[in-house]
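Inside the fold
These are the residues of each chain, in order.
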Amino acid sequence: MHVEHIGIAVKNCQDANQLFEKLLGVEPYKAEKVESEAVNTSFFSVGNTKIELLEATAEHSAIAKFIEKKGEGIHHIAFEVEDIHAEMERLRSQGFQLLNEAPKRGADNKLVCFVHPKTANGVLVELCQEIRE
Ligand SMILES: CC[C@H](C(=O)O)C(=O)SCCNC(=O)CCNC(=O)[C@H](O)C(C)(C)COP(=O)(O)OP(=O)(O)OC[C@H]1O[C@@H](n2cnc3c(N)ncnc32)[C@H](O)[C@@H]1OP(=O)(O)O
Ligand SMILES: [Co+2]
């Protein structure tokens, strides 16, 4: 398992892109809208991991709620796994609360699921598996 990306909630991807370009010295390699999560995302490659900027596209978005409550900032940590179904079963058996019954399509060509922060020391954890066509 390795940290696939760190998700950061931002009010506006365009503004945050400019800030992270200055911070990281690289341009984002991808911008992607994920309708199912009501987010726009922007990805920066940093070493062997990534920064995922997330902007809400609707009031019901998890990102909109997060920013309303906590402001902009680190939102989640995503770990890449080989077999997301097996990992979901393993985590369930370990007592973690999963937020989705089955993996769903995320950004950047991944299947994803989430672990409720209240069962992970206050950290929203995402598991992601590369979609192998
Ligand atoms: C999939 C596209 C992309 C990708 O990588 O591919 C993404 O990463 S999309 C990311 C956005 N989508 C999600 O986050 C989906 C999973 N999240 C959720 O289902 C909700 O956000 C949930 C359940 C974590 C919280 O929703 P809820 O409606 O319960 O909001 P509350 O404000 O009532 O929160 C309850 C409780 O949890 C704490 N909380 C909420 N968000 C976070 C967080 N990101 N990190 C840590 N803790 C969080 C919140 O403070 C509340 O705690 P309390 O002690 O009661 O105040
Ligand atoms: Co993510």
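Criteria and cut-off values
Residues numbered from 1 in each chain as written. Chains lettered and ligands numbered in written order. Predicted model: local features only at pLDDT ≥ 70, side-chain atom pairs only at ≥ 80, totals over all residues. Heavy atoms only, no water. UniProt positions renumbered as here; feature names shortened; annotations may be inferred. Donors = N, O, S within 2.8 Å, 3.2 Å for Na, K, Ca; no water. Tetrahedral: all angles 85-135°; square planar, octahedral: opposite > 155°, others 65-115°. Helix = DSSP H or I, 4+ residues; strand = E, 2+ residues; numbered from the N terminus. Buried < 20%, exposed > 50% of the residue type's maximum accessible area, 1.4 Å probe, protein only. Contact = heavy atoms within 4.5 Å. Near = heavy atom within 4 Å. Polar contact = N/O pair within 3.5 Å; in protein donor to acceptor, adjacent residues only side chain to side chain. Areas by Shrake-Rupley, 256 points an atom, 1.4 Å probe, with all protein chains shown as cover. Nonpolar A, V, L, I, M, F, W, Y, C, P; charged D, E, K, R; others polar. Salt bridge = Lys/Arg side-chain N within 4 Å of Asp/Glu carboxyl O.

As annotated in an unreviewed UniProt entry, the chain carries the name Methylmalonyl-CoA epimerase and is attributed to Rufibacter roseus. In its Sequence similarities (unreviewed entry) section, UniProt records this for the chain: "Belongs to the methylmalonyl-CoA epimerase family."

Here the focus is the coordination of the cobalt ion (ligand 2). Looking at the cobalt ion (ligand 2), the protein donor atoms are His-5 (NE2), Glu-52 (OE), His-76 (NE2) and Glu-126 (OE), and they sit 2.2 to 2.3 Å from it. Each of the 6 donor atoms around the cobalt ion (ligand 2) contributes to a set of angles spanning 78 to 174°, which defines the coordination as octahedral. In the primary sequence, the donor residues of the cobalt ion (ligand 2) line up as H-x46-E-x23-H-x49-E. In this pair, Glu-52 sits in strand S4 (residues 49-56) while His-76 sits in strand S5 (residues 73-80), placing the two residues 24 residues apart along the sequence.

This part is about the environment of Ala-56. Relative to the assigned elements, Ala-56 resides in strand S4. On the basis of relative accessibility, which here comes to 27%, the residue Ala-56 falls in the partly exposed class. Residues Ala-56 and Glu-37 lie 19 residues apart in sequence; the distance between their C-alpha atoms is 8.4 Å. Each residue touching Ala-56, except ones within four places of it in the same chain, is listed here: Val-10, Ala-38, Ser-61, Ile-63 and Ala-64.

Ligand 1 sits among 21 residues. The nearest are Glu-37, Glu-52, His-75, Ala-107 and Glu-126. The contact in question runs from an oxygen atom of ligand 1 to an N or O atom on the side chain of Lys-69, over 3.3 Å. Glu-126 has a polar side-chain atom sitting 2.9 Å from an oxygen atom of ligand 1. Relative to its unbound accessible surface of 1,100 Å², ligand 1 loses 71% to contact with the protein. Looking at the shell around ligand 1 element by element, the count peaks at 5 residues for helix H2 (residues 62-70). Here the residues of the shell around ligand 1 sort into 9 nonpolar, 6 polar and 6 charged.

Two side chains with opposite charge may pair up if their charged atoms get near one another. One pass over the full model with this rule turns up 11 salt bridges. Among the ionic pairs, Asp-108 bridges to Lys-50, the shortest N-O distance being 2.6 Å. With Asp-108 in the loop between strand S6 (104-105) and strand S7 (110-115) and Lys-50 in strand S4, this pair connects stretches of sequence that are 58 residues apart. Assigned by exposure class, Asp-108 and Lys-50 land together as buried. Arg-132 serves as the salt-bridge partner of Glu-82, at 4.0 Å between the closest nitrogen and oxygen. With a gap of 50 residues between them, Glu-82 in the loop between S5 and helix H3 (84-93) and Arg-132 in the segment after strand S8 (125-130) connect regions that are remote in the sequence. What emerges from the salt-bridge pattern is a single network uniting Glu-4, Lys-30, Glu-32, Lys-50, Asp-108, Lys-110 and Glu-130.

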